[in-house]
Amino acid sequence: MKTFPCIEDLRQQARRNVPKMFFDYAEAGSYAQETLRANRTDFERIKLRQRVLVDVSARDTSTTILGEKVPLPLALGPIGLGGMMHGDGEILACRAAQAAGIPYTLSTMSVCSIEDVAAAVDKPFWFQLYVMRDRGFMRELIERAVAAKCSALMLTVDLQVLGQRHCDMRNGLSVPPEIKLKNLIDIATKPAWALSILKGKRKTFGNLAGHVKGMEGITSLAQWTASQFDPTLNWKDLAWIKSHWPGKLLLKGILDIEDAKIAIKEGVTTLVVSNHGGRQLDGAPSSITALPRMVDAVGSRIEVMFDGGIRSGADLMRALALGARSCIVGRSYIYGLGAAGQAGVARAIEILGKELDVTMALCGVTSIKDIDRSVIAEI
Ligand SMILES: Cc1cc2nc3c(=O)[nH]c(=O)nc-3n(C[C@H](O)[C@H](O)[C@H](O)COP(=O)(O)O)c2cc1C
């Protein structure tokens, strides 16, 4: 495999490998993409303190996530259609995460099914749940995650209606993904991708096919989501989900302190500060702006995880400094998947880990527990 020094190089390679329709889908934010951009620009504004003449010879990036020891404060987040970045993409990403000893989250909207991934990997993974109108199917899906021995359920609460991503409309992204004639020329120039998809077990949403009505015809992603996702989802439904899911539960998509406070009252023990990678409410604050407010308000009562805009180990450092207990990445690892399959995901994790280690050294800290706001020079 080529040497990829940084996440941006993986991104460039993924752009060369993956057809435009699916690469655009991975890159996009909603509407004017203000929040997508803010997720990055607000990170770049945060400056770290360069400290010197501290013995940093023994450094340790390990910590715990949901009580489990991990070598890095990092988990791979749920990515719908991840398997369109590379054939069997979810299996490959999960294998890379498990080899690195960090959690992997399988999306409801994945290409490989829960059962496909469970059969192909050695250890438990997390499952992400979108709540759909058909509660019978929801119960079934949760039961399938229990049967597959998933070690945590991540309930995503910020996508009951879909924020429009203009490029998906322009490119005609549909459910199930349909390869249109106009995309064939593009695909013809991406033979390695086409072969990997052909060899992959599935070409559509593995968890839903055969279970959800309305998968027979081709419809736009927006229309399909509107018909399937349940916009009535509210706090009362949490008890119903908990009654079917006996294990650890995370709430993903909390950006407002009032919501975090309600979550605590409802017995939630872990939340993910997230704006869905800038793909939902455009005009919402960047995740990194919301993080310190959240930590100040509820951080001592709940495990706060963070995602949105992490592209380097320095970004991990910044999020930890502002109070995240650990972080989740989306695009950083799917760029790796598109660039070089499992090896690319492994490389993305390695890049983030090594950069975090060096950043810690140059900030004069040697362990994750010592990272706090004192490492920040200015915001
Ligand atoms: C292509 C793509 C698909 C995604 N699909 C899902 C999904 O199915 N479920 C979910 O909870 N979040 C989904 N997300 C959001 C990610 O889990 C995560 O919150 C986001 O990517 C973090 O921002 P980052 O990409 O800047 O790291 C998706 C993100 C992207 C980029």
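Located above this text is the structure these notes cover.
Remember, predicted model here, so these are calculated numbers, not experimental data. (Residues numbered from 1 in each chain as written. Predicted model: local features only at pLDDT ≥ 70, side-chain atom pairs only at ≥ 80, totals over all residues. Heavy atoms only, no water.)

Enquirer: Looking at this structure, I do not really get the site of the ligand. What am I missing?
Expert: For the ligand, the set of nearby residues contains 21 residues, the closest of which are Pro78, Ser107, Thr156, Asp307 and Gly309. The backbone of Gly80 places a nitrogen or oxygen atom 2.8 Å from a nitrogen atom of the ligand. A total of 610 Å² of accessible area belongs to the ligand in isolation, and the protein chains cover 98% of it. Counting atoms within 2 Å of the grid points, the majority share of the ligand lands in the largest cavity. Of the residues belonging to the shell around the ligand, the class tally is six nonpolar, 10 polar and five charged. (Near = heavy atom within 4 Å. Polar contact = N/O pair within 3.5 Å; in protein donor to acceptor, adjacent residues only side chain to side chain. Areas by Shrake-Rupley, 256 points an atom, 1.4 Å probe, with all protein chains shown as cover. 1 Å grid on protein atoms, 1.4 Å probe; cavity = no way out; pocket = protein on both sides within 12 Å on 5 of 7 lines; lining within 4 Å. Sits in = over half its atoms within 2 Å of the grid points. Nonpolar A, V, L, I, M, F, W, Y, C, P; charged D, E, K, R; others polar.)

Enquirer: Explain helix α4 (residues 89–100) here, please?
Expert: Along an α-helix, residues three or four apart share an orientation, since each turn contains 3.6 residues. Taking 1.5 Å as the rise per residue, α4 with 12 residues should run 16 Å; its terminal C-alpha atoms sit 17 Å apart, in good agreement. Among all positions of α4, only Gly89, Glu90, Ile91, Leu92, Ala93, Cys94, Ala96, Ala97 and Gln98 are buried. Just downstream of α4, Gly101 is the residue with a positive phi angle, here 80 degrees. (Helix = DSSP H or I, 4+ residues; strand = E, 2+ residues; numbered from the N terminus. Expected span 1.5 Å × (residues − 1). Buried < 20%, exposed > 50% of the residue type's maximum accessible area, 1.4 Å probe, protein only.)

Enquirer: Sorry if this is basic, but what is going on with the packing of helix α12 (residues 257–265) against helix α13 (residues 287–298) here?
Expert: For any two helices packed against each other, one specifies the inter-axial angle together with the distance between the axes. Running from amino to carboxyl end, α12 crosses α13 at an angle of 40 degrees, the nearest separation of the two axes being 10 Å. Here α12 lies oblique to α13, going by the angle between them. Seen from above, α12 lies across α13 with right-handed handedness. Together, Ile257, Ala260, Lys261 and Ile264 of α12 and Arg293, Met294, Ala297 and Val298 of α13 make up the contact between the two elements. Each residue belonging to the contact of α12 with α13 can be placed in one class, and the counts come to six nonpolar, no polar and two charged. (Axes fitted to C-alpha atoms, helices over the stretch in contact; angles between N-to-C directions. Parallel < 35°, antiparallel > 145°, perpendicular 65-115°, else oblique. Left-handed = near helix turned anticlockwise from the far one by under 90°. Contact = heavy atoms within 4.5 Å.)

Enquirer: How should the pairing of strand β10 (residues 248–254) be read in this particular structure?
Expert: For a regular strand, side-chain orientation follows a simple rule: the groups alternate between the two sheet faces. Where burial is concerned, most of β10 is hidden: six out of the seven residues are buried. Of the pairings in the sheet, the one linking strand β7 (residues 152–156) to β10 comprises five bridges and is parallel in character. Within β10, the position partnered with Leu155 by the bridge is Leu251. Of the pairings in the sheet, the one linking β10 to strand β11 (residues 270–273) comprises four bridges and is parallel in character. Bridge pairing links Lys252 to Val272 in β11. (Pairing = 2+ DSSP bridges.)

Enquirer: How should the sheet that holds strand β13 (residues 326–329) be read in this particular structure?
Expert: Backbone-to-backbone hydrogen bonds join strands into a sheet, with any given pair of strands oriented parallel or antiparallel. Pairing is parallel across the open sheet formed by eight strands, whose spatial order is β4-β13-β12-β11-β10-β7-β6-β5. The open sheet is flanked by β4 (74–76) and β5 (105–106), the only strands paired with a single partner. Direction of pairing for β4 relative to β13: parallel, over a ladder of three bridges. Bridge pairing in β13 links Leu74 to Cys327. Of the strands in this sheet, β4, β12 (303–307) and β13 touch helix α14 (residues 313–321), which is tilted by about 135 degrees from β13.

Enquirer: Help me understand empty space enclosed by the protein in this model?
Expert: One way to see where empty space is left: roll a probe the size of a water molecule over the atoms. Here the structure, examined in full by the defined rule, presents two cavities of 30 Å³ or more. Taken as a whole, the largest cavity encloses approximately 530 Å³ of empty space. Lining the largest cavity are 33 residues; nearest its centre among them are Pro78, Ile79, Gly80, His276 and Arg279. Elements supplying a minimum of two residues to the lining of the largest cavity: α2 (20–27), α10 (221–228), β13 and α15 (331–363). Considered class by class, the residues forming the lining of the largest cavity number 16 nonpolar, 11 polar and six charged. (Points joined across faces, edges and corners; volume = space filled by probe spheres on them.)

Enquirer: Even after reading the chapter, I still don't get the packing of helix α6 (residues 135–147) against helix α11 (residues 236–244), so can you show me in this structure?
Expert: Put simply, α6 and α11 touch, their axes get as near as 9 Å, and they point 40 degrees apart. Relative to α11, the element α6 is oriented oblique. Relative to α11, the crossing made by α6 is right-handed. Side by side, α6 and α11 meet where Arg135, Met138, Arg139, Ile142 and Val146 of the first sit next to Asp237, Trp240, Ile241 and His244 of the second. Along the lines of polarity and charge, the residues of the contact of α6 with α11 split into five nonpolar, one polar and three charged.

Enquirer: I'm lost on the nonpolar core in this one. Help?
Expert: Soluble globular proteins tend to bury their nonpolar side chains together. If you look at the biggest cluster of nonpolar residues, it comprises 111 residues, and the most contacted ones within it are Leu129, Leu291 and Phe306. The dominant element in this core, judged by the number of residues it contributes, is α15, at 13 residues. Dropping the residues within four chain positions of it, Leu291 is found in contact with Val273, Val304, Phe306, Ala319, Leu322, Gly323 and Ala324. Of all hydrophobic cores here, the second largest spans 11 residues; its members include Leu66, Val70, Ala152 and Leu250. (Core = buried A, V, L, I, M, F, W, Y, C linked by side-chain atoms within 4.5 Å.)

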